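# Commentary on secondary and tertiary structure
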Amino acid sequence: MLVWILAVVVVVGAAASVYGVMWMRFPTPYTGPTWTVKRELLRVTIVERGTLESAENSDIVCRVKAGTKGSTIASTIKWVIDDGTQVKAGELIVELDDSGFQEQLKTQRNTVNKVDFEWIDAKTKLEIQESQNVSDIKTAEVVLNLATLDLEKFVGVLPVAKIAKFETREQLRKYMNAGYEEDVRKELALDPERLTSKYLQDVNDIKGRIEIALSDRESWLDRASWSLRMVKKGYYSLSQADADQSRLASAEISLRKVQGELDIYRKFELERNVTKLWGDFKEAERALNRVRTQAVLKTQQGRADEKAKRAIYEQELDRIREMEREEKYYKIVAPQDGMIVYYIPEQSRFGSGSQQSTVAQGEPVREGQKLIRIPNLQRMMVNAKVHEAMVSKIRGEKTEPTGYTRRMRRAFSMGNTNPLSLAAYVVGFEELREKFRDKDQRVLFPGHQAAIRIDAFPGKQYKGRVKTVATVASQADFFSSDIKVYQTMVSIDDLDEKALKPGMSAEVTILADATHEPVLVVPIQAIVGNVSMGAKRKCYVLDARGFAQERDIDIGLSNDKLVEIRSGLEEGDRIALNPRTLIPEKSDLKPGTPGTRRGAEFGDGEMKKGKGKGKGMPKN
């Protein structure tokens, strides 16, 4: 009995001590706003602002090139149609200043005429040079033939073939001293009745004069003998006999002279004449080779000059043709019906630097600069910027290629070898590919659902899906340069009006995640904790008497208003909605802050639509 009494005293003492501690921490009951824990579907939504854009735009681009080297300015805007104007296809929308271009065009035409004349002059000079080369070669060939005939005339037909091959005078002298006489005898043996060379004629002429001299000497020898006999008989005087003896001596001298002339001719004159004629032949041969080489060189120079002048002419001609094509770019017409929208680059929209000039009269434009867009108002999108803390929760459309048109192309072209048929097929296939473009891609995930509200039509809510999420951050604006946001394009699927215009402000609510069954949820401002606690948090639960008790909880999904409770609370528990007054002093715990953007609402039907078919939300 005593033990039971002691146990009761201990329990009562412990309860009193706990109550005393709680009374010391929360001395009075909590009288602030409360929340009763309940189950409901939790939707993770992201609300961002954006502007309307067309999914299909016909961009009007400046195709005029820069006028001077090193400059980026192509021209200036002479006239531009007003922003927001409705235009028809072919209507003039932009006119650029072409005054400087017209001067360049005139100068280029003069340049083309000049280089055309230079090309014609080079072609004419080439033809003249080719004709002159033929004449020079023929003249050199005639000189060589004459030199060959002169050499052949002097030495004969048979020796000239060998003499023409000699390259040095030593080779010629050796031949003249050793083999020439043998070749002459061979030539005489072939035709002994005619003299075949001037050399033989000269030798025979000298030999003829030797025979005459011998005949004269013999005659005067007989005459001198007869005179001596006549002197002995007394018929002739001694002086007459001496005269005959003198004539005999003169005949002998004449004979020796002619014989010496033959020796000199054979030893010296023959080699001299042959050397001279051989030198003339070799010089004529070298002159012919020189003329031929010069002819080839002059022809190559003429052709190179003609080719260079032709290339310059074609270059300048291409330049003027390009300028003539470029002339039409100074007047830009609308490619289709639609509304004019001045192009504003992404950097300029958010305050960062950009080289894009303002589209206005008198403003300079650059080559390739986008000036105007003509949007397709039947396909609109919202260009939103999602904060880096939320972008990881968003998924855009994911597709994969099906190869539909590629298989069609292979099937149609199989067995067709006609080039014309294949060419016609390729042209027609491009049209088929545009027609069946939607079958070329299979949608694996359609993108997260979104609800769009347009500021201009506050009573209308549009349905849409996330198409793309940028992988590279873009700067938000000049005043918040440290904030990173990601461009997110959201398509509008149920567009039934033409009143939407590009540039209109819109609010996008993206359903990034959701629970498929009701879960325990509490307001985000009722949770206290910090980042280092992870999924662990705390809240203050009210007991039956209204006193707040600190309790550990585990949280799951959350949006900017509600948090999923996975453990620590039960349905029906009442918690403090404003725990700021209950947090101890010098504590690092902080209550959550609810979002201020309301956003669009999603019905349960939209959440369950397409469930099980790959079109709903991914599982938690």
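Above: the structure in question.
The following paragraphs examine the structure supplied in this document. (Residues numbered from 1 in each chain as written. Predicted model: local features only at pLDDT ≥ 70, side-chain atom pairs only at ≥ 80, totals over all residues. Heavy atoms only, no water.)

## Overview of the overall build of the protein
When its secondary structure is counted, the protein shows eleven helices and 27 strands. Residue pairs at least 24 apart in sequence account for 78% of intrachain contacts in the protein once pairs closer than 6 positions are excluded. About 37700 Å² of surface is accessible on the protein, with carbon and sulfur atoms providing 54% of the total. (Helix = DSSP H or I, 4+ residues; strand = E, 2+ residues; numbered from the N terminus. Contact = heavy atoms within 4.5 Å. Areas by Shrake-Rupley, 256 points an atom, 1.4 Å probe, with all protein chains shown as cover.)

## A look at the pairing of strand S25 (residues 562-567)
Here three bridges tie strand S21 (residues 519-523) to S25, and the two strands are oriented antiparallel to one another. Each residue of the ladder has a partner; that of Val521, found in S25, is Glu564. The sheet contact formed by strand S24 (residues 548-558) and S25 spans three bridges and is antiparallel. Residue pairing in the sheet places Ile555 in a bridge with Ile565 of S25. Joining the antiparallel neighbours S24 and S25 is a turn of three residues. (Pairing = 2+ DSSP bridges.)

## Brief notes about the pattern of salt bridges
Under the counting rule described, the total for this entry stands at 25 salt bridges. A salt bridge links Arg290 to Glu283; the shortest N-O distance between them is 3.6 Å. Note on Arg290: relative accessible area 41%, which makes it partly exposed. On the basis of relative accessibility, which here comes to 37%, the residue Glu283 falls in the partly exposed class. Counted as one network, the salt bridges with shared partners bring together Asp59, Lys370 and Arg373. (Salt bridge = Lys/Arg side-chain N within 4 Å of Asp/Glu carboxyl O. Buried < 20%, exposed > 50% of the residue type's maximum accessible area, 1.4 Å probe, protein only.)

## Some words on the sheet that holds strand S7 (residues 92-96)
Spatial ordering of the open sheet is given by S8-S7-S5-S11, a layout of four strands whose pairing is antiparallel. Edge positions in the sheet fall to strand S8 (331-333) and strand S11 (364-366), since each has one partner strand and no second. Going across the sheet, the axis of each strand differs from the next one's by a mean of 40°, ignoring polarity. In the sheet, strand S5 (residues 73-80) pairs with S11 via three bridges, with the strands oriented antiparallel. Counterpart to Ser75 in the pairing with S11 is Val365. (Axes fitted to C-alpha atoms, helices over the stretch in contact; angles between N-to-C directions.)

## What to know about a positive patch on the surface
Side chains of Arg63, Arg321, Arg325 and Lys328 sit close together on the surface and give a patch of like positive charge. Along the polypeptide, Lys328 turns up in the loop between helix H7 (238-327) and S8. (Patch = residues over 30% accessible without salt bridge, like charges linked within 9 Å, V, L, I, M, F, W, Y side chains within 5 Å. Lys, Arg positive; Asp, Glu negative; His and termini not counted. Charge placed at Lys NZ, Arg CZ, Asp CG, Glu CD.)

## Focus on the packing of helix H2 (residues 99-155) against H7
Contact geometry for H2 and H7: axes closest at 7 Å, N-to-C directions at 165°. For the element pair H2 / H7, the angle class is roughly antiparallel. Note that H2 runs across H7; the crossing there is left-handed. Here the contact of H2 with H7 is built from residues that sort into 31 nonpolar, ten polar and 22 charged. (Parallel < 35°, antiparallel > 145°, perpendicular 65-115°, else oblique. Left-handed = near helix turned anticlockwise from the far one by under 90°. Nonpolar A, V, L, I, M, F, W, Y, C, P; charged D, E, K, R; others polar.)

## A word on the environment of Ala535
Along the chain, Ala535 falls in the loop between strand S22 (528-529) and strand S23 (536-542). Assessed through its relative accessible area of 42%, Ala535 is described here as partly exposed. In sequence terms Ala535 and Gly556 are 21 residues apart; their C-alpha atoms lie 7.1 Å from each other.

## Digging into the sheet that holds strand S4 (residues 57-61)
The strand order across the open sheet formed by three strands is S4-S12-S10, and the pairing between neighbours is antiparallel. The open sheet is flanked by S4 and strand S10 (341-342), the only strands paired with a single partner. With five bridges joining them, S4 and strand S12 (residues 370-375) adopt antiparallel strand pairing. For Asn57, the partnering residue across the bridge sits in S12 and is Pro375.

## Remarks on a nonpolar patch on the surface
On the surface, Trp79, Leu92 and Val333 cluster together into a nonpolar patch covering about 230 Å² of accessible area. Position of Trp79 relative to the elements: it lies in strand S5.

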